[in-house]
Amino acid sequence: MMVFACRGCEAPLTVPVARMALPVHASGSYEHALLGVLMAPGTYAVDPEPYGPPWVTWAEAGPAQAESRGLYAPVYALSYGSQGTIVLAPGDVLGTVLIPDRLDGYCYGTDGRDGPNVACARCGRPVATRIDDCSYWQAVRLDPQAVYGEDVDSQDLPMSWAMLRDVRPGLPPLEPPGFWDSRWEAAVAVALAHLLAASGGARITVPDGQIADLFRRILDAFVPPGPLNLSLALAGPGLPSAGADISLVPQHPQTGELWHEPGATRVVPLAWDVWAHLAFQRDRKPVPGGAMPDEAFRDEQLPLRPLGMFVPDGDTLLRTLARLPEVKQPWLRAIYDRLNQRPRPYPYPF
């Protein structure tokens, strides 16, 4: 557990928080939608990438400078803001005040366009950026140059994979009345980018079921025609991959580490909450049962059904592809350019 404090006056700025991996949907934006809080209460994550202004366009930075910052394909602009911001739920921050002249946003709140907009209440030093506008997940990002962390519980250990199965059994893919959960859209987009890179341009056999609903259509649309010569399977705690060419493995929600599949040469990460649902949840199917008595009442809601086909988040897919060295290969760069030139936020050709 950590408590973060102001470097200027040492005032505590957070409650004790435990480190988690940065959620894969952290950078997602979803048009005119009011999203929830990014981080669970009592947790924090560290974003390894630069965040916020100043921004430099791709043309100004140039390919060499961009690649030195982990970008291997053109993006609109590169952030030259603080690297390693500490991301928390707004409710876990204390002893701060908003900076009145830095609260611009698009619609309902602030989006951080002006840089740090939260100051230490004791000394007035800018220490963080609060994001709570529509389209963005709500969060506070502490500037690592303005705060420091103090360990208050060195015995806090990450959960084992077996414990995760009991504590975090998975995230349902649908929200009422049948919309796809945006966290699923982002998680699958990240996995899809890694899956394309792992394929080397070869066709992939996607098993039937939910995995096919998530991946098969877009793989068929973008991978060059040819024989189906690579197999894909879920693999993880309690679920061996049975020798598939590519293993879709869970990412630990606390440490960010991937499940190690013995003998696997190609692994693709998938956020734990999505992976666990795919691996262990089974959809209930209607079964013949006859008419219920008039005096009987159902005590269980029918399962939700999707209102439309599943579509991975396009911006997250592009953002992830741009950060994979494999995107420099001509076949994958062609896919990236094709996606990047289509109207956003729906860049798919179907």
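Caption draft 1: Main features of the packing of aromatic side chains. Taken as a whole and assessed by the stated rule, the structure comprises six aromatic pairs. Between Phe 4 and Tyr 44, the ring centres sit 5.1 Å apart and the planes meet at 80°, which makes this aromatic pair edge-to-face. On the criterion of sequence distance, the pair formed by Phe 4 in strand E1 (residues 2-6) and Tyr 44 in strand E3 (residues 43-51) is long-range, its members being 40 residues apart. Both residues of the pair, Phe 4 and Tyr 44, belong to the buried class. Geometrically, the ring pair formed by Trp 275 and Phe 280 is edge-to-face, given 5.4 Å between the ring centres and 80° between the ring planes. By relative accessible area, which is 0% here, Trp 275 ends up buried.

Caption draft 2: Quick look at the sheet that holds E3. Here we have seven strands laid out as an open sheet, ordered E2-E3-E6-E10-E9-E8-E7, and mixed in their pairing. Each edge of the open sheet carries a strand with a single partner, namely strand E2 (18-19) and strand E7 (96-98). Pairing between E2 and E3: two bridges, direction parallel. Each bridged residue has a counterpart across the sheet, and for Arg 19 the counterpart in E3 is Tyr 44.

Caption draft 3: Representation of the nonpolar core. Residues Phe 215, Leu 219 and Leu 317 are the most contacted members of the largest nonpolar core, which totals 61 residues. By size, the runner-up hydrophobic cluster in this structure holds 18 residues, among which are Phe 4, Ile 86, Val 140 and Val 147.

Caption draft 4: Representation of the environment of Arg 102 in the model. Its location among the elements puts Arg 102 in the loop between E7 and strand E8 (118-120). The exposure class of Arg 102 is partly exposed, given its relative accessible area of 29%. The spatial distance from the C-alpha of Arg 102 to the C-alpha of Asp 220 is 46 Å, given a sequence separation of 118 residues. Not counting the four nearest positions on each side in its chain, Arg 102 is found in contact with Asp 114, Pro 116, Asn 117 and Pro 126. A polar contact of 2.9 Å, which involves the side chain of Arg 102, links it to the backbone oxygen of Pro 116.

Caption draft 5: Quick look at unusual backbone geometry. Omega for the peptide link from Pro 53 to Pro 54 comes to 5°, which places this bond in the cis form. With respect to the element layout, Pro 54 can be found in the loop between E3 and strand E4 (55-57). A cis amide bond, omega 5°, links Pro 176 with the succeeding residue Pro 177. Among the secondary structure elements, Pro 177 is positioned in the loop between strand E12 (174-175) and strand E13 (179-180). Positioned with a positive phi, Glu 10 is a non-glycine residue whose angle comes to about 65°. Along the chain, Glu 10 turns up in the loop between E1 and E2.

Caption draft 6: Representation of the sheet that holds strand E17 (residues 267-271). Strand order across the open sheet formed by four strands is E14-E15-E16-E17, with parallel pairing between neighbours. Of all strands in the sheet, those bounded by a partner on one side alone are strand E14 (203-205) and E17. Each neighbouring strand pair of the sheet contributes to a mean axis angle of 35°, computed without reference to strand direction. In this structure, strand E16 (residues 246-251) lies alongside E17, joined through five bridges in parallel fashion. Its bridge partner being in E17, Leu 248 is matched across the sheet by Val 268. Sitting on the sheet, helix H4 (residues 210-222) touches E14, strand E15 (228-234) and E16, and the angle it makes with E14 is about 160°.

Caption draft 7: A look at the environment of Pro 12. For Pro 12, the position within the fold is in the loop between E1 and E2. Sequence separation of Pro 12 and Gly 149 is 137 residues, and the distance between their C-alpha atoms is 9.5 Å. If near-sequence neighbours (up to four positions away) are discounted, Pro 12 is found in contact with Val 3, Phe 4, Ala 5 and Leu 94.

Caption draft 8: How the structure looks around the packing of helix H3 (residues 182-199) against helix H6 (residues 314-322). Contact geometry for H3 and H6: axes closest at 8 Å, N-to-C directions at 35°. Where H3 crosses over H6, the two elements pack in a sense that is right-handed. Residues Ala 186, Ala 189, Val 190, Leu 192, Ala 193 and His 194 of H3 form the contact with H6, whose participating residues are Thr 316, Leu 317, Thr 320 and Leu 321. Classifying every residue of the contact of H3 with H6 by side-chain character gives seven nonpolar, three polar and no charged.

Caption draft 9: Inspection of the pairing of E3 at higher detail. Here E3 pairs with strand E6 (residues 82-88) via six bridges, running antiparallel. What sits directly across from Asp 47, in E6, is Thr 85.

Caption draft 10: Geometry of the environment of Leu 324. By secondary structure assignment, the location of Leu 324 is in the loop between H6 and helix H7 (330-340). Owing to a relative accessible area of 10%, Leu 324 belongs among the buried residues under this scheme. Sequence spacing of Leu 324 and Ser 160 is 164 residues, and the spatial spacing of their C-alpha atoms is 29 Å. The residues contacting Leu 324, other than those within four sequence positions of it, are Tyr 72, Ala 193, His 194 and Ala 197.

Rules behind the numbers
Residues numbered from 1 in each chain as written. Predicted model: local features only at pLDDT ≥ 70, side-chain atom pairs only at ≥ 80, totals over all residues. Heavy atoms only, no water. Phe/Tyr/Trp six-rings, centres within 6.5 Å; stacked < 30°, edge-to-face > 60°. Helix = DSSP H or I, 4+ residues; strand = E, 2+ residues; numbered from the N terminus. Buried < 20%, exposed > 50% of the residue type's maximum accessible area, 1.4 Å probe, protein only. Pairing = 2+ DSSP bridges. Core = buried A, V, L, I, M, F, W, Y, C linked by side-chain atoms within 4.5 Å. Contact = heavy atoms within 4.5 Å. Polar contact = N/O pair within 3.5 Å; in protein donor to acceptor, adjacent residues only side chain to side chain. Axes fitted to C-alpha atoms, helices over the stretch in contact; angles between N-to-C directions. Left-handed = near helix turned anticlockwise from the far one by under 90°. Nonpolar A, V, L, I, M, F, W, Y, C, P; charged D, E, K, R; others polar.

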